[in-house]
Amino acid sequence: MRRSDREVTDINSILEIVGRAKILHLGLFDKGFPYIVPMHFGYEFSEGRFVFFLHSAKEGHKLDLIKDNPNVCIEMECDVTLISGGEVPCKYGSEYASVIGRGQAELVEDEEEKIKGLKLLMKNQTGRCFEIDGKMAEAVAVIKVVISDLSAKARRG
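Computed from a predicted structure; not experimentally measured.

1. Topic: helix α1 (residues 11-20)
Piece 1. By the burial criterion, the buried members of α1 are I14, I17 and V18. The arc that holds every buried residue of α1, seen down its axis, measures 95 degrees, which confines them to one face.

As structure tokens, this is what we get:
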């Protein structure tokens with residue numbers, strides 16, 4: 001990381017960033033080009049590792065790409081605010097907090113794990129707990145992303 005003064009290493013601070021973010025950008029490989037999809041997400045942090053859950057239609061391009069190559073990158077940000085530079089363009093910037101991670105994506109087949117992932121997604125997106133049944137879980141694909149490498153940055157006023 002080039003700007004080590006902006007690096008966030010405290011896990012509680014990283015959990016706060018992830019908790020405030022509402023969109024996860026999923027980076028996939030598409031025949032030599034990056035393919036990035038903004039998605040709602042849920043997550044858990046257990047045994048020192050983040051696991052993200054995403055939902056999708058049961059077929060489509062991103063699912064095909066995951067089947068071809070499960071290596072993915074995730075990015076999310078929150079607290080983005082413009083810092084004015086007045087009349088000097090080079091003095092403009094932003095306050096922000098962000099997380100970038102690399103990991104492996106897989107399509108969840110187990111009904112209980114799909115339900116768990118969908119519950120986490122709804123909790124993260126709405127702050128509420130919902131009952132999810134097998135019929136609801138069957139209607140969508142659930143993508144599980146296990147993060148192996150993660151970094152976080154923040155710039156605050």
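2. Section: the packing of aromatic side chains
Two aromatic rings, taken as a pair, are described by how far apart their centres are and by the angle between their planes.
Piece 1. Scanning the entire structure with this criterion turns up six aromatic pairs.
Piece 2. Measuring from centroid to centroid gives 6.3 Å for Y43 and F50, while their planes differ by 45 degrees, and the two rings are tilted.
Piece 3. Residue classification places F50 among the buried positions, given a relative accessible area of 4%.
Piece 4. Plain terms: the ring middles of F45 and F50 are 4.8 Å apart, the flat faces sit at 50 degrees to each other, and that makes the pair tilted.

3. A few points about the pairing of strand β3 (residues 33-39)
Piece 1. When strand β2 (residues 24-30) meets β3, the two strands line up antiparallel, connected through seven bridges. Note on β3: the bridge partner recorded for F29 is P34.
Piece 2. Taking the residues between adjacent antiparallel strands as the criterion, β2 and β3 are bridged by two residues, where K31 takes a positive phi near 50 degrees.

4. Here's the deal with the side chain of K114
Piece 1. Topologically, K114 is positioned in helix α3 (residues 111-126).
Piece 2. Buried charge without a salt bridge: K114, with E138 as the nearest opposite-charge side chain at an N-O distance of 4.7 Å.
Piece 3. Within the structure, K114 has its side chain in polar contact with the backbone oxygen of A137 (distance 2.9 Å).
Piece 4. Engagement of the side chain of K114 in a polar contact is seen with the backbone oxygen of V140, the distance being 2.7 Å.
Piece 5. Every residue in contact with K114, bar those within four places of it in the chain, is listed here: V108, E109, A137, E138, V140 and V142.

5. So, the pattern of salt bridges
Piece 1. What the rule picks out here adds up to seven salt bridges.
Piece 2. Of the charged contacts in the structure, one is a salt bridge between E16 and R20, with a shortest N-O distance of 3.9 Å. Of the two residues, E16 and R20 are both situated in helix α1; the distance of four residues between them amounts to about one turn of the helix.
Piece 3. With a relative accessible area of 48%, E16 lands in the partly exposed category.
Piece 4. By relative accessible area, R20 is classed as partly exposed at 35%.
Piece 5. Across the pair R156 and D79 runs a salt bridge, and its minimum N-O distance is 3.7 Å. Here the residue R156 occupies a position in the segment after β8 (141-155), and D79 occupies one in strand β6 (residues 71-83), the gap between them amounting to 77 residues.
Piece 6. What makes R156 exposed here is its relative accessible area of 52%.

6. So, the environment of G19
Piece 1. Within the secondary structure, G19 is located in helix α1.
Piece 2. Given a relative accessible area of 27%, G19 falls into the partly exposed group.
Piece 3. A sequence separation of 68 residues divides G19 from E87, and the C-alpha atoms of the two residues are 35 Å apart.
Piece 4. Excluding anything up to four places from it in sequence, G19 contacts Y43 and N124.

7. Describing the nonpolar core
Piece 1. One finds L26, F52, M76 and V145 to be the most contacted residues of the largest nonpolar core, which totals 30 residues.
Piece 2. Listed by contribution, the elements that provide at least two residues to this core are α1, β2, β3, β5 (49-56), α2 (61-68), β6, β7 (93-107) and β8.
Piece 3. If you tally residues by element for this core, the top one is β8, at six residues.
Piece 4. Beyond its immediate stretch of four places on either side in the chain, L26 contacts Y35, I36, V37, M39, L54, V72, C73, I74 and V145.
Piece 5. Judged by nonpolar contacts, the second largest core, of ten residues, contains V51, L118, V142 and V146.

About the thresholds
Residues numbered from 1 in each chain as written. Predicted model: local features only at pLDDT ≥ 70, side-chain atom pairs only at ≥ 80, totals over all residues. Heavy atoms only, no water. Buried < 20%, exposed > 50% of the residue type's maximum accessible area, 1.4 Å probe, protein only. Helix = DSSP H or I, 4+ residues; strand = E, 2+ residues; numbered from the N terminus. Arc of directions from axis to C-beta. Phe/Tyr/Trp six-rings, centres within 6.5 Å; stacked < 30°, edge-to-face > 60°. Pairing = 2+ DSSP bridges. Lys, Arg positive; Asp, Glu negative; His and termini not counted. Salt bridge = Lys/Arg side-chain N within 4 Å of Asp/Glu carboxyl O. Polar contact = N/O pair within 3.5 Å; in protein donor to acceptor, adjacent residues only side chain to side chain. Contact = heavy atoms within 4.5 Å. Core = buried A, V, L, I, M, F, W, Y, C linked by side-chain atoms within 4.5 Å.

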